[in-house]
Amino acid sequence: MHLQRVRVPNFRVLKDVDITFEKDYFPRIFPLGSLNGGGKSTLLQLIFVLLHCPFHSKRLPYLKNVLREIGEYSESKVKLLAEINVFDEIQRKNINLEFLVFQKTDFDRLLDLDIEETQKLYFSNPEGNDLERKKEIRQNIQNQQQEIFTLESSLEVHIGHYYTTSVEKYAQEATESVKSAKESLELFREKYELLEKITEILQKESLTYLCHLLPQSDPESVLLCRHNLEKDEIESFWDTLSTKTFLAAPPTQVFLFLPRQSRKTLFKAKSSNNYNSYFSQIESSKLNLPGLFAYDFLAIELIINAFRDARDKDFKQAVKTKGDYGNHYQNLLNELNPMLNNKKINIDPDLSGVNFTIENNGEEIDLYPEDLSHGELKRLSIYLWLKFKNIKNSIVLIDEIETALHPDWQYQIVRDLEEWEPSNQYILATHSYELCQALTPAHVKELEPKLIKQKPDTIS
């Protein structure tokens, strides 16, 4: 996947943003620069939630958190939130996605169906998208059919025995249960038919329903996506796109996709019981957002998992060859140690942590956290994230990558990413001149206020 263009007319601090990321540029690394307050982080997070979250019910709340404040509507009452153009390298096809916010009244008018029915379907039960709703209803239909079959079979067995009052009572109750189950089945079928009808109406307009939004105040609204996908392409494209979109950012970043209430706790005194809720929200969000990497000083879990994976591969090879262990563990050490200059990394025997040593006059000396370079460990964490998560052919959005890196390393990180996984497209929100200078001027994209100032012409 390659992100080719992003257009955001008006969202929070982003005004009239229109940026292209050319797919024929090499390397596929694009610094996104601006001074503080330009909206770089906001733009990366908006792209991330729009591409990573829509077709997964557990991720939808994060998308809705970002879109709580979508700004004023135009007179048409249909707001273009963002336009994103993606090149699907497998299908060799340009996919254009327009994310549109419809007020409830305009959505009802578009469907031209019984308002009460659409109200029940979309606004009384607003979670999920149409594809997930259909899957859920199909499953409900199957379950209901199985329940009816079980009840009817049980009823036949009991009625086949000698007649007693207890059997008569059971038969009456079972008959009522069968009747109720059939009524529920009919309701599920009606709901499914309504969904099919709505999907057909939307497809005629090249639209797909994504979610119901929950703004601070009226009007109620829904998020739709206009696209150039065929009907049978929609589900597979979004499945692929969501697994090929990643965001890496430091946990000190304010994440708009977390609940507003947890973000407000950042303004509370540290003694407050709620102070840590924001950071616990970051941790819990990693479970629902597999594309999120909140890198910190040292991603211990990533390192341990990488070594565990290498150990398991060696053991599997030993089982397969009946005794010859592989070299995955040693190869991992050989990959990681050069990033630490003259230091070495090892895993604790019980896989509970990592330890570091340095050689001095032929003797290995244990190191403590304060002996380690923040910049070295940050490079190590990003490298392991890309490798261990097997991130390839993906859109990788990285915020504040230059933090803790020496200017020389800020320049070098471009070459690192290119070497670590060249099939990815990297968009790097940055304040670093050095990082920008590692690429051609055409690679560098900017938001206002611009990072790279034009020098005034010299007056002779």
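Small disclaimer: the values here were computed from a predicted structure and weren't measured. (Residues numbered from 1 in each chain as written. Predicted model: local features only at pLDDT ≥ 70, side-chain atom pairs only at ≥ 80, totals over all residues. Heavy atoms only, no water.)

Remarks on the pairing of strand β11 (residues 354–360)
Note: strand β10 (residues 343–347) against β11, 5 bridges, orientation antiparallel. Pairing of I347 across the sheet is with V354, part of β11. As consecutive antiparallel partners, β10 and β11 are separated by 6 residues, and within that stretch L351 has a phi angle of approximately 60°, a positive value. Bridge analysis of β11 against strand β12 (residues 363–366) gives 4 bridges, and the strand direction is antiparallel. Bridge pairing in β12 links E359 to E364. (Pairing = 2+ DSSP bridges. Helix = DSSP H or I, 4+ residues; strand = E, 2+ residues; numbered from the N terminus.)

Concerning the pairing of strand β6 (residues 207–213)
Within β6, 7 of the 7 residues are buried, which leaves the element mostly enclosed by the surrounding structure. As paired strands, β6 and strand β7 (residues 221–226) are joined by 6 bridges and run antiparallel to one another. Each bridged residue has a counterpart across the sheet, and for T208 the counterpart in β7 is C225. (Buried < 20%, exposed > 50% of the residue type's maximum accessible area, 1.4 Å probe, protein only.)

Things to note about the environment of I398
Within the fold, I398 resides in strand β13 (residues 395–399). For I398, a relative accessible area of 0% translates into the label buried. Through-space distance from the C-alpha of I398 to that of I382 is 9.8 Å; in sequence the pair is 16 residues apart. If we skip the residues at most four places from it in the chain, I398 touches L44, A248, Y295, Y426, I427, L428 and A429. (Contact = heavy atoms within 4.5 Å.)

Re empty space enclosed by the protein
Applying the stated criterion across every chain yields a total of 1 cavity of 30 Å³ or more. By volume, the largest cavity amounts to about 40 Å³. Lining of the largest cavity is provided by F26, P27, R28, I29, E418, E421, P422, N424 and Y426. Here the lining of the largest cavity is built from residues that sort into 5 nonpolar, 1 polar and 3 charged. (1 Å grid on protein atoms, 1.4 Å probe; cavity = no way out; pocket = protein on both sides within 12 Å on 5 of 7 lines; lining within 4 Å. Points joined across faces, edges and corners; volume = space filled by probe spheres on them. Nonpolar A, V, L, I, M, F, W, Y, C, P; charged D, E, K, R; others polar.)

Regarding the sheet that holds β10
An order of β10-β11-β12 is seen for the 3 strands of this open sheet, with the pairing classed as antiparallel. Edge positions in the sheet fall to β10 and β12, since each of these pairs with one other strand and no more. Each adjacent strand pair in this sheet contributes to an overall mean axis angle of 35°, direction not counted. Of the strands in this sheet, β10 and β11 are in contact with helix α10 (residues 300–321), which crosses β10 at around 70°. (Axes fitted to C-alpha atoms, helices over the stretch in contact; angles between N-to-C directions.)

Looking at a nonpolar patch on the surface
The grouping of F315, V319 and Y325 at the surface amounts to a nonpolar patch, some 350 Å² of accessible area in total. Here Y325 shows up in the loop between α10 and α11 (328–336). (Patch = residues over 30% accessible without salt bridge, like charges linked within 9 Å, V, L, I, M, F, W, Y side chains within 5 Å. Areas by Shrake-Rupley, 256 points an atom, 1.4 Å probe, with all protein chains shown as cover. Salt bridge = Lys/Arg side-chain N within 4 Å of Asp/Glu carboxyl O.)

Concerning the packing of aromatic side chains
Across all of its chains, the model carries 13 aromatic pairs by this definition. On the numbers, 5.1 Å between centres and 35° between planes, the contact of F55 with W238 is tilted. Separated by 183 residues along the polypeptide, F55 in the loop between α1 (40–52) and α2 (60–66) and W238 in helix α7 (residues 234–243) bring together distant segments of the chain. You'll find F55 and W238 in the same group, each marked buried. Grouped by ring-pair contacts, the aromatic residues F48, Y62, F255 and F257 constitute a single cluster. Lying over the aromatic face of W409, R379 brings its terminal NZ or CZ to 5.0 Å of the ring centre. (Phe/Tyr/Trp six-rings, centres within 6.5 Å; stacked < 30°, edge-to-face > 60°. Lys NZ or Arg CZ within 6 Å of the ring centre and 35° of its normal.)

Structural notes on α1
An α-helix turns once per 3.6 residues; consequently, residues spaced three or four apart project the same way. Look at α1: 18 Å from first C-alpha to last across 13 residues, which is about the 18 Å you get at 1.5 Å a residue. With 13 of 13 residues buried, α1 is to be regarded as a mostly interior element. (Expected span 1.5 Å × (residues − 1).)

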